[in-house]
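Here is how the chains run, residue by residue.
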Amino acid sequence: MKKLLLFTLVAVSLGTTAEAQFSEFADNPSASQFTLSSEANTLQIGGRVSGFYETRILKDDSNYLKKSHNGWGVKDFDMDFLGKTASKFVYEFHISLIDLVSAAATNNTANPANSGIKAAYIQYKGWPVHIKFGYDKVPYSQGSMSEVWGTPYWSHANLYGGDLFSRRDFGLALNYRFMKDRINLYAGAFSGMGENFFQYGNDASGTFEYIGRAEFSYPAKMKYHIIDQENSPTPVFRIAANARYADKTQPKGSSINVDAPDASGAYGIRVISGKRLAYGFDGIVKFKGFSATVEGHMLQLKPTDTLDGLYNSTTRSKNNNVVNAGGLNAGLNYNWEKKHSVFSAMYEGFNANDLYPGTQEWLYLAYAYKVSGFNSVFKIEYYKPLTEDKVQNPLHYTDQIRVGYQIVF
Amino acid sequence: MRKLIALLAVALLLISSGKKELAHTKFKFADWKSLKGIPEPSDIVYDSATGHCFIVSDHGKLFECDRQGNIIKKAKEEGQDFEGVEVKDSFIYVSDETPRKVYQYRKSDLSLVKVFPVSWGGAMNRAFESIAYNATKQCFLLVSQQPIVIVEYTTDFKEIARYPFKGVRDISGARWHKGNLYLLSNLDACIIKCDPVNYEAKAYYQINVLNPEGFMFDDSSNISITSDDMQRLYFFKQLPTIQ
């Protein structure tokens, strides 16, 4: 606790002097991203560097003394290359240097879902339907599609952070917008292996995961920004519904759990040997600096093997060959632009498997002081499990705080 | 509880370090009209010689319209990402943000005359959002969106000087009117009246438009503002006099 208070005081002093320290970021005309232009091509080079001090308040558990989460944490060492051509092609290559280094140093065992590549795609925007091919975020879940660096939080919420469903994948995606871009439709076919695509490639089933999403915004189109940085003079909202389906029933002799053990994620439900349907909704409203978000997801999993661990040894009469999961997330934010401040609060509750006892509830509180928007920002996040799922996600801590700084260039 | 107190202390200390700013005079629109057929309208300029206005779109298109924004004519030659438009003599000048170019069109038939390369090293989509002609200094002005820099150019687009501008978070439009430069901020939703020589801010007018991208003054000094996200043209009266 003393260490936390000391660090907080250091962070405060840094934060209050940061405007001078990083003044070149606001004043230098060549700050922020860098762009190169030729006759028919434009290439932008950007990136993000951020890190924090993290502390977890450990439970009074004499058998657990590990304090590896009480110390420094690196969030981003990212580089991004975004190009556009006069013939209406867009291409992007986004890499996380810290993930690349970690993967190389640990033979990709530290966090196999973070391969180091966050985007690598080409897109054609010359037709009414935009076509994207490659690796990028999939069009599912507002929270997942929105950048966390543009909020006071340090990471995405658990519900859409990648444990229940993948956030990125390799595949083909179509996007069509009409009615002044107020209606926005997505459809795509992806590998279904999510962030583990680079580790395992396609699975043995030879099938895709299909994802669709429909959005309606009014009275104007909306981008995937959670905070109302524009202090919208009129209320603006978006509602959306999305779904994703994959039948990864494996051929004889193959098993996702054996062939791609990391792909199924923390709860074993991100990719399964069998049929998997996920559907959900989300919404956001912004007005005069306030923004409120809500989203919910349901998952219906049908593992082919009746002895699959997801069934938790329950009888067929009890489980009906279906495992359900899902949850709800709601957030409230206020952008106090005059004071360069953003306040955020978020609640979520979810059940990662209804055949196991227990559910999870989490509370997030966060504050950001914007020295130069979210390009140069001090952020503090408080994170608390309100209800612990002692079977599927046993915890050794009761609270977590992260205090740090972020630069986007 | 101690953690909460520490968190609140951080927030209060940071908040208390804010700066004082010039007062903003409120300025509300009187009417609006949908801009049909003009996707993502980004700037508008009025031509007193014809009574028409010219509107550019993020889709790289230039339109000649009536005062209400109804399309009369469309330029055949397109660019990538038109963000600023200005009329001078018998030509129209358009800023293409992504490739950093200025297009010179003939006003009479909207034919493309010449393309001038201009230089901006910042973010691809935070470059020259606006173009205006400074009649006092007899030079063109290209204004970058973020960070804000007013760049003076000769009439054949050779760079003369750069003036960093502070006070708002971004600039999406620029217009010359009766001896003053006026700037438009999208994120802060305001019009700023600036000194014609050193471009220092003299007055701020807060507007109630979402995503204002470009603006014009007509012969009676009434203002019209284009909104990209709303795809609308908002009609205002004259700027209020500041006491």
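For the structure itself, look to the data block above.
Residues numbered from 1 in each chain as written. Chains lettered and ligands numbered in written order. Predicted model: local features only at pLDDT ≥ 70, side-chain atom pairs only at ≥ 80, totals over all residues. Heavy atoms only, no water.

K.L.:
I'd like a description of the overall build of chain B, backed by residues and values.
P.N.:
Of the regular secondary structure elements, chain B holds 1 helix and 21 strands. The C-alpha atoms of chain B give 19 Å as radius of gyration, which agrees with the globular expectation for 243 residues (18 Å, within 12%). Along the three orthogonal principal directions, the C-alpha set of chain B runs to about 70 × 40 × 35 Å. Taken over 243 residues, chain B has a buried fraction of 60%. Nonlocal contacts in chain B, meaning residues at least 24 apart in sequence, comprise 45% of its contacts between residues at least 6 apart. Total accessible area computed for chain B in this model is approximately 9,700 Å², and 51% of it derives from carbon and sulfur atoms. In chain B, the 31 positive side-chain charges and the 30 negative ones have mean positions that sit 5 Å from each other. (Helix = DSSP H or I, 4+ residues; strand = E, 2+ residues; numbered from the N terminus. Rg over C-alpha atoms; globule rule 2.2 N^0.38 Å. Buried < 20%, exposed > 50% of the residue type's maximum accessible area, 1.4 Å probe, protein only. Contact = heavy atoms within 4.5 Å. Areas by Shrake-Rupley, 256 points an atom, 1.4 Å probe, with all protein chains shown as cover. Lys, Arg positive; Asp, Glu negative; His and termini not counted. Charge placed at Lys NZ, Arg CZ, Asp CG, Glu CD.)

K.L.:
Lay out the overall build of chain A with the relevant residues and their values.
P.N.:
Scanning chain A from terminus to terminus reveals 7 helices and 17 strands. A compact globule built from 409 residues would reach a C-alpha radius of gyration of about 22 Å, and chain A, at 22 Å, matches this within 12%. Along the first, second and third principal axes, the C-alpha atoms of chain A reach 65 × 60 × 45 Å. Going through the 409 residues of chain A one by one, you find that 51% of them count as buried. Long-range contacts, defined here as pairs at least 24 residues apart, represent 65% of the contacts in chain A between residues at least 6 apart. Accessible surface, chain A as shown: approximately 17,900 Å² in total, 61% of it carbon and sulfur. Across chain A, the mean location of the 41 positive side-chain charges is 4 Å away from that of the 38 negative side-chain charges.

K.L.:
Tell me about the side chain of Asp-389 of chain A, and name the residues and values.
P.N.:
Looking at the secondary structure, you find Asp-389 of chain A in the loop between β16 (376-387) and β17 (397-408). Not counting residues up to four positions away in its chain, the partners in contact with Asp-389 of chain A are Pro-357, Gly-358, Thr-359, Gln-360 and Pro-394 of chain A.

K.L.:
Explain the environment of Arg-169 of chain B to me, and be specific about the residues and the numbers.
P.N.:
Tracing the sequence through the fold places Arg-169 of chain B in the loop between β14 (159-164) and β15 (173-177). Arg-169 of chain B has contacts with Gln-229, Glu-337 and Lys-370 of chain A together with Gln-145, Gln-146, Ile-148, Leu-187 and Asp-188 of chain B, leaving out every residue within four places of it along the chain. Among the polar contacts listed, one links the side chain of Arg-169 of chain B to the side chain of Glu-337 of chain A, at a separation of 3.0 Å. (Polar contact = N/O pair within 3.5 Å; in protein donor to acceptor, adjacent residues only side chain to side chain.)

K.L.:
I'd like a description of the sheet that holds strand β9 (residues 101-106) of chain B, backed by residues and values.
P.N.:
Residues and elements named next belong to chain B. Taken together, the 4 strands give an open sheet; going across it, the order is β7-β8-β9-β10, and neighbouring strands pair in antiparallel fashion. The strands lining the two open edges of the sheet, one partner per strand, are β7 (82-88) and β10 (112-117). Mean inter-strand twist for the sheet, computed between neighbouring axes without regard to direction, equals 20°. Looking at chain direction, β7 and strand β8 (residues 91-96) are connected through 6 bridges and run antiparallel. The residue of β8 that forms the bridge with Gly-84 is Ser-95. (Pairing = 2+ DSSP bridges. Axes fitted to C-alpha atoms, helices over the stretch in contact; angles between N-to-C directions.)

K.L.:
Which residues make up the side chain of Ser-57 of chain B, and what values do they have?
P.N.:
All names here are of chain B. Within the fold, Ser-57 resides in strand β4 (residues 52-57). A polar contact is formed between the side chain of Ser-57 and the backbone oxygen of Pro-39, at a distance of 2.7 Å. For Ser-57, the residues in contact, after removing those within four places along its chain, are Ile-38, Pro-39, Glu-40, Pro-41, Ser-42, Phe-63, Asp-81 and Phe-82.

K.L.:
Which residues make up the pairing of strand β14 (residues 341-351) of chain A, and what values do they have?
P.N.:
The side chains of a regular strand alternate between the sheet's two faces. All names here are of chain A. Taking burial as the measure, the 11 residues of β14 include 8 buried ones, the bulk of the element. As defined by bridge partners, strand β13 (residues 323-336) adjoins β14 across 11 bridges and the pair is classed as antiparallel. Residue pairing in the sheet places Asn-333 in a bridge with Ser-344 of β14. In this antiparallel pair of consecutive strands, β13 and β14, the connection spans 4 residues, and His-340 shows a positive phi of 55°. Pairing of β14 with strand β15 (residues 360-372), which is carried by 10 bridges, proceeds in the antiparallel orientation. Looking at β15, one finds that Phe-350 is bridged to Gln-360.

K.L.:
Now, about the pattern of salt bridges: what can you tell me, with residues and values included?
P.N.:
Think of it this way: side chains of opposite charge can pair up when their charged atoms draw near. Under the definition given, this model contains 34 salt bridges over all chains. Close ionic contact of Asp-78 of chain A with Arg-48 of chain A constitutes a salt bridge, the shortest N to O distance being 3.3 Å. You can see Asp-78 of chain A sitting in strand β3 (residues 71-85) and its partner Arg-48 of chain A sitting in strand β2 (residues 41-58), a full 30 residues away along the chain. Across the pair Asp-218 of chain B and Arg-67 of chain B runs a salt bridge, and its minimum N-O distance is 3.2 Å. Here Arg-67 of chain B lies in the loop between β5 (61-65) and β6 (71-74) and Asp-218 of chain B lies in the loop between β19 (212-217) and β20 (223-227), a separation of 151 residues in the sequence. (Salt bridge = Lys/Arg side-chain N within 4 Å of Asp/Glu carboxyl O.)

K.L.:
Can you lay out the nonpolar core for me, pointing to particular residues and giving the numbers?
P.N.:
If you look at the biggest cluster of nonpolar residues, it comprises 32 residues, and the most contacted ones within it are Leu-164, Ile-269, Leu-299, Trp-362 and Tyr-364 of chain A. The element best represented in this core is β15 of chain A, accounting for 3 residues. Residues contacting Trp-362 of chain A, with those up to four places away along its chain left out, are Asn-158, Met-346, Tyr-347, Glu-348, Phe-350, Tyr-383, Lys-384, Pro-385, Leu-386, Asn-393, Leu-395 and Tyr-397 of chain A. Core analysis: the second largest hydrophobic core is formed by 28 residues, Ile-284 of chain A together with Ala-203, Val-209 and Tyr-234 of chain B among them. (Core = buried A, V, L, I, M, F, W, Y, C linked by side-chain atoms within 4.5 Å.)

K.L.:
I'd like a description of the sheet that holds strand β17 (residues 190-194) of chain B, backed by residues and values.
P.N.:
Residues and elements named next belong to chain B. Strands sit in the order β1-β18-β17-β16-β15 across an open sheet of 5 strands; the sheet is mixed. Strands with a single pairing partner mark the edges of an open sheet, and in this sheet they are β1 (24-27) and β15. The average angle at which neighbouring strand axes cross in this sheet is 25°, direction not considered. In terms of strand pairing, β1 meets strand β18 (residues 201-207) through 4 bridges, oriented parallel. Each residue of the ladder has a partner; that of Lys-26, found in β18, is Gln-206.

K.L.:
Give me the lowdown on a nonpolar patch on the surface, citing residues and values where you can.
P.N.:
All names here are of chain A. A grouping of Ile-122, Val-129, Phe-133, Leu-172, Leu-174, Tyr-176 and Leu-185 is seen on the molecular surface, where their side chains present a nonpolar patch of about 560 Å² in accessible area. Among the elements of the structure, β6 (129-137) and β7 (168-178) are those that each provide at least two residues to the nonpolar patch. A per-element tally of the nonpolar patch places β7 first, with 3 residues. Here Leu-172 shows up in strand β7. According to the relative accessible area criterion, Leu-172 is partly exposed, its value standing at 40%. (Patch = residues over 30% accessible without salt bridge, like charges linked within 9 Å, V, L, I, M, F, W, Y side chains within 5 Å.)

K.L.:
Got a sec to walk through the environment of Trp-120 of chain B? Specific residues and values, please.
P.N.:
Residue and element names in this part refer to chain B. Relative to the helices and strands, Trp-120 resides in the loop between β10 and β11 (128-134). Accessibility expressed as a relative area gives 4% for Trp-120, which makes it buried. Counting along the chain gives 19 residues from Trp-120 to Lys-101, while the straight-line C-alpha distance between them is 9.9 Å.

K.L.:
Please provide a residue-by-residue account of the state of the cysteines, values included.
P.N.:
Two cysteines joined by a covalent bond between their sulfur atoms form a disulfide. Per the counting criterion, the structure on display carries 0 disulfides over all chains. Unpaired in this structure, Cys-65 of chain B has its nearest cysteine sulfur neighbour in Cys-53 of chain B, at a distance of 5.3 Å. (Disulfide = S-S within 2.5 Å.)

K.L.:
Go over the environment of Ala-23 of chain B with me, naming the residues and quoting the values.
P.N.:
Residues and elements named next belong to chain B. Along the chain, Ala-23 falls in the loop between α1 (2-15) and β1. When its relative accessible area of 66% is taken as the criterion, Ala-23 is described as exposed. The spatial distance from the C-alpha of Ala-23 to the C-alpha of Leu-183 is 16 Å, given a sequence separation of 160 residues.

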